[in-house]
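# A structural walkthrough
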Amino acid sequence: MGKNIKIRFILDHDQGIDPNEPVGDIIISNAHSKLSDKSTYLDSWFDVLIDGYQALKSNKKLTLEILEEPNPITFEPILNGFKITYGKQKLSFNSLKEFDQSLLTSAQDFLRQLEQDNLSNFFLLNKIANFTDNQIQVS
């Protein structure tokens, strides 16, 4: 896993975990700084992180709305790396491969913590599961 890129989340267990509304905190960090959002819908965040990653793989800039959040998130290729902007928070990274590994590991952990056997009823969770399955096959 990439040393400099970390995608961490903390599911809110206070009300029990609801796969329809998995709420918690998310932290994306590099070696120098972090971007975070508290008490947010984690499935929506993973959704935009996956779409942003796909755009960056194609070397495209992409701005996305995060459901339930006031600020959009932008993924922008720069030189050999990329930049993520969310509100006034900005992070720059040197390696898309490190982001790929961190996103895959974090998404797998997220799905595991939700403990859902059947994801087909949950559109975003199903999308996240498909991403993790496809990434594993490519590796």
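Residues numbered from 1 in each chain as written. Predicted model: local features only at pLDDT ≥ 70, side-chain atom pairs only at ≥ 80, totals over all residues. Heavy atoms only, no water.

Okay, the packing of aromatic side chains next. In total, this model carries 9 aromatic pairs according to the counting rule given. Considering the side-chain rings of Trp45 and Tyr86, the 4.9 Å spacing of their centres and the 70 degrees angle between planes classify their relative orientation as edge-to-face. Separated by 41 residues along the polypeptide, Trp45 in helix α1 (residues 42-57) and Tyr86 in strand β6 (residues 81-86) bring together distant segments of the chain. Accessibility classification places Trp45 together with Tyr86 in one group, the buried group. Aromatic side chains Tyr53 and Phe131 sit 6.0 Å apart centroid to centroid with 75 degrees between the ring planes, which places their arrangement in the edge-to-face category. Taken together, the positions of Tyr53 in helix α1 and Phe131 in helix α3 (residues 123-138) put the pair 78 residues apart, joining distant regions of the chain. According to the relative accessible area criterion, Tyr53 is buried, its value standing at 4%. (Phe/Tyr/Trp six-rings, centres within 6.5 Å; stacked < 30°, edge-to-face > 60°. Helix = DSSP H or I, 4+ residues; strand = E, 2+ residues; numbered from the N terminus. Buried < 20%, exposed > 50% of the residue type's maximum accessible area, 1.4 Å probe, protein only.)

The next point concerns helix α2 (residues 96-114). In a regular helix each residue adds 1.5 Å, so 19 residues correspond to 27 Å; α2 covers 27 Å between its end C-alpha atoms and thus fits that length. Measuring from the backbone nitrogen of Lys97 back to the side-chain oxygen at the start of α2 gives 3.3 Å, which picks out Ser95 as the cap. In the stretch just after α2, Glu115 is the one whose phi turns positive, near 55 degrees. (Expected span 1.5 Å × (residues − 1). Polar contact = N/O pair within 3.5 Å; in protein donor to acceptor, adjacent residues only side chain to side chain.)

β6 sits mainly inside the fold: 5 of its 6 residues count as buried. Note: strand β5 (residues 72-78) against β6, 6 bridges, orientation antiparallel. Within the sheet, the bridge partner assigned to Pro77 lies in β6 and is Phe82. Counted between consecutive antiparallel strands, the loop separating β5 from β6 contains 2 residues, among which Leu79 sits at a positive phi close to 45 degrees. One ladder, built from 5 bridges, connects β6 with strand β7 (residues 89-93); its direction is antiparallel. What sits directly across from Lys83, in β7, is Ser92. Here β6 hands over to β7 after 2 residues, with Gly87 in that stretch at a positive phi of 60 degrees. (Pairing = 2+ DSSP bridges.)

Close approach of charged atoms allows side chains with opposite charge to pair. Taken as a whole and judged by the stated rule, the model has 5 salt bridges. Between Lys83 and Glu76 there is a salt bridge; the shortest N-O distance is 3.7 Å. Taking the relative accessible area as the measure of exposure, Lys83 reaches 23% and is therefore partly exposed. Given a relative accessible area of 22%, Glu76 falls into the partly exposed group. A salt bridge links Arg112 to Asp109, with the shortest nitrogen-to-oxygen separation between them at 3.9 Å. With Arg112 and Asp109 both in helix α2 and 3 residues apart, this pair spans about one turn of that helix. Residue Arg112 is classed as exposed on the basis of its relative accessible area of 56%. (Salt bridge = Lys/Arg side-chain N within 4 Å of Asp/Glu carboxyl O.)

Attention now moves to the sheet that holds strand β3 (residues 34-41). On the basis of which strands lie adjacent, the open sheet formed by 3 strands has the order β1-β2-β3 and antiparallel pairing. In this open sheet, the two edge strands, each paired with only one partner strand, are β1 (6-11) and β3. Ignoring strand direction, the axes of neighbouring strands in this sheet form an average angle of 15 degrees. Two elements, β1 and strand β2 (residues 23-29), share 6 bridges in a ladder whose sense is antiparallel. (Axes fitted to C-alpha atoms, helices over the stretch in contact; angles between N-to-C directions.)

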